[in-house]
Amino acid sequence: MAAMPESGRLAASVLLDAVVSQSPDKSDDENRLALDLALALLVEPDDLETYDGERHPDSIIDASDLVGASIVLTSWLISRLAEARDTDVAEVAGELRSFIGTA
């Protein structure tokens, strides 16, 4: 696999932070606050300025970073789940399609 760019790694980290921010032991308000904190790096580029007015390019996460990171993370997880279940990736993907209501 090709090396993931820094912005892609940052996007993947944000996505993972968002997932683990949610706890069944916490209130809706606590989970919402934790999610907001996890997603804090996903701001409009115009809002992400340094003290001198210049944006730092490595700190900007755009849609392509999120899509790429989502694909990498989902692919890794699906392949590990398929392996653990001794099944194939297509079957796990089918279960996910059923879960989101597109099967």
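Please read all numbers here as calculations on a predicted model, not as lab measurements. (Residues numbered from 1 in each chain as written. Predicted model: local features only at pLDDT ≥ 70, side-chain atom pairs only at ≥ 80, totals over all residues. Heavy atoms only, no water.)

Draft legend 1. Expanded view of the overall build of the protein chain. Summing up its helical and strand segments, the protein chain has four helices and zero strands in all. Reading the protein chain from its N end, one meets helices and strands in the order α-α-α-α. A buried classification covers 15% of the 103 residues belonging to the protein chain. The long-range fraction of contacts in the protein chain, counting pairs at least 24 apart against all pairs at least 6 apart in sequence, stands at 48%. Working note: accessible area of the protein chain is about 7700 Å², and carbon and sulfur atoms make up 58% of it. (Helix = DSSP H or I, 4+ residues; strand = E, 2+ residues; numbered from the N terminus. Buried < 20%, exposed > 50% of the residue type's maximum accessible area, 1.4 Å probe, protein only. Contact = heavy atoms within 4.5 Å. Areas by Shrake-Rupley, 256 points an atom, 1.4 Å probe, with all protein chains shown as cover.)

Draft legend 2. Summary view of the pattern of salt bridges. Throughout the structure, instances matching the rule amount to three salt bridges. A salt bridge links arginine 9 to glutamate 6, with the shortest nitrogen-to-oxygen separation between them at 2.7 Å. Taken together, the positions of arginine 9 and glutamate 6, both in helix α1 (residues 6-20) and three residues apart, correspond to about one turn of that helix. Overall, the relative accessible area of 41% leaves glutamate 6 in the partly exposed class. (Salt bridge = Lys/Arg side-chain N within 4 Å of Asp/Glu carboxyl O.)

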